[in-house]
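Listed below are the residues making up each chain.
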Amino acid sequence: LPGRVARKVERAVRDSLEGLVDRGIVKSSESMVPLTTKLIGDAQTTSVADPVLAHLFREMYSAFHKRRSLLLLNYASQVRITDVPWAPEVLMSAGKQASEAEGRVTASRDVAQQLVQLHMKHWPEVMMPNKFVSTLSGLLDTAKVELKLVEEIAADIFMGGFVNKFVEQ
């Protein structure tokens, strides 16, 4: 195959996240974030016994994380996945047994560790982008790891100040 076509075919390969990063198809941690939704969705639903319910939650999780972020007035935040009435119920039902809850905690910790290792192995000189940091923060919360991560600070241009998460930290 001509080089140009071969490069296009190479980009269509199906591989693990680590494999895609190692091949150079994923070129930054920022471009890696959209690919993490399947890993995180799987970790979140690791203990959901009903496969249809688990699939529904993973699809909803994926849809939420594909949204563009918007800067809203009065420091308002966009709808979070936990604002969907049945989403917390699905996850709570998965954690009713201590062993099930531990499965979610362990799976989330493992995914967080994998993402940090990939970033540090391939882009150690690059500051972790905000989307990556917020993804890690959510994983670490689920994993019950008490670690404060700070995103790159940005002033709200409409309100002339900073959102509470920057003030609190």
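Fair warning: this is a prediction, and the values are worked out from it, not measured in the lab.

How do you make sense of the nonpolar core when you look at a structure like this?
A general tendency of soluble globular proteins is for nonpolar side chains to be buried together. Counting 26 residues, the largest nonpolar core has Met 32, Met 60 and Leu 115 as the members making the most contacts within it. Elements represented by at least two residues in this core include exactly α2 (17–22), α4 (37–44), α5 (51–65), α7 (98–122) and α8 (130–142). Setting aside anything within four residues of it in sequence, one finds Met 60 in contact with Ile 81, Val 84, Trp 86 and Ala 87.

How should I be thinking about the pattern of salt bridges in this particular structure?
Where charged atoms from two side chains of opposite charge come close, those side chains can pair. A full pass over the atoms with the stated rule returns four salt bridges. Across the salt bridge formed by Lys 121 and Asp 22, the nearest N and O atoms sit 3.6 Å from each other. With Lys 121 in helix α7 and Asp 22 in helix α2, this residue pair connects regions lying 99 residues apart in the sequence. Asp 22 sits in the partly exposed class, given a relative accessible area of 43%. Here the salt bridges share partners, and the residues they tie into one network are Lys 38, Asp 42 and Arg 58.

Any chance you could explain the environment of Leu 140 here in plain terms?
Residue placement: Leu 140 occurs in helix α8. Sequence separation between Leu 140 and Ser 108 is 32 residues, and the spatial gap between their C-alpha atoms is 7.0 Å. Discounting residues that sit within four places of it in the chain, Leu 140 has contacts with Ala 112, Val 145, Leu 147 and Leu 149.

Explain the packing of α4 against α5 to me, please; I cannot follow it from the model alone.
Axis angle and axis distance: for two packed helices, these are the angle between their axes and the distance between the axes, and together they describe the pair. One way to put it is that α4 packs onto α5 with a least axis distance of 9 Å and a crossing angle of 140°. On the basis of their axis angle, the class for α4 and α5 is oblique. The handedness of the crossing between α4 and α5 comes out as right-handed. Contacts between α4 and α5 involve Thr 37, Ile 40, Gly 41, Asp 42 and Gln 44 on the former and, on the latter, Phe 57, Arg 58, Tyr 61, Ser 62 and His 65. Among the residues forming the contact of α4 with α5, the class breakdown is three nonpolar, five polar and two charged.

It is not clear to me how unusual backbone geometry should be interpreted in this structure. Could you clarify?
We note that Lys 144 has phi near 60°; this positive angle belongs to a residue other than glycine. Secondary-structure assignment places Lys 144 in the loop between α8 and α9 (164–168). Overall, the relative accessible area of 64% leaves Lys 144 in the exposed class.

I tried to follow a positive patch on the surface on my own but got confused; where do I start?
A cluster of basic side chains, namely Arg 4, Arg 7, Lys 8, Arg 11 and Lys 27, defines a positive patch on the protein surface. Mapped onto the fold, Arg 7 is located in helix α1 (residues 3–11).

Looking at this structure, I do not really get α4. What am I missing?
It helps to recall that an α-helix has 3.6 residues per turn; residues three or four apart then point in one direction. Thr 37, Ile 40, Gly 41, Ala 43 and Gln 44 are the residues of α4 that are buried. The arc that holds the buried residues of α4, viewed along the axis, is 160°, so those residues lie on one side.

Which parts of the structure should I look at to understand a nonpolar patch on the surface?
Residues Leu 1, Val 5 and Val 9 make up a contiguous nonpolar surface patch of roughly 310 Å² in combined accessible area. Inspection of the secondary structure assignment puts Val 9 in helix α1. Looking at Val 9, the relative accessible area reads 48%, which means it is partly exposed.

Definitions and cut-offs
Residues numbered from 1 in each chain as written. Predicted model: local features only at pLDDT ≥ 70, side-chain atom pairs only at ≥ 80, totals over all residues. Heavy atoms only, no water. Core = buried A, V, L, I, M, F, W, Y, C linked by side-chain atoms within 4.5 Å. Buried < 20%, exposed > 50% of the residue type's maximum accessible area, 1.4 Å probe, protein only. Helix = DSSP H or I, 4+ residues; strand = E, 2+ residues; numbered from the N terminus. Contact = heavy atoms within 4.5 Å. Salt bridge = Lys/Arg side-chain N within 4 Å of Asp/Glu carboxyl O. Axes fitted to C-alpha atoms, helices over the stretch in contact; angles between N-to-C directions. Parallel < 35°, antiparallel > 145°, perpendicular 65-115°, else oblique. Left-handed = near helix turned anticlockwise from the far one by under 90°. Nonpolar A, V, L, I, M, F, W, Y, C, P; charged D, E, K, R; others polar. Patch = residues over 30% accessible without salt bridge, like charges linked within 9 Å, V, L, I, M, F, W, Y side chains within 5 Å. Areas by Shrake-Rupley, 256 points an atom, 1.4 Å probe, with all protein chains shown as cover. Lys, Arg positive; Asp, Glu negative; His and termini not counted. Charge placed at Lys NZ, Arg CZ, Asp CG, Glu CD. Arc of directions from axis to C-beta.

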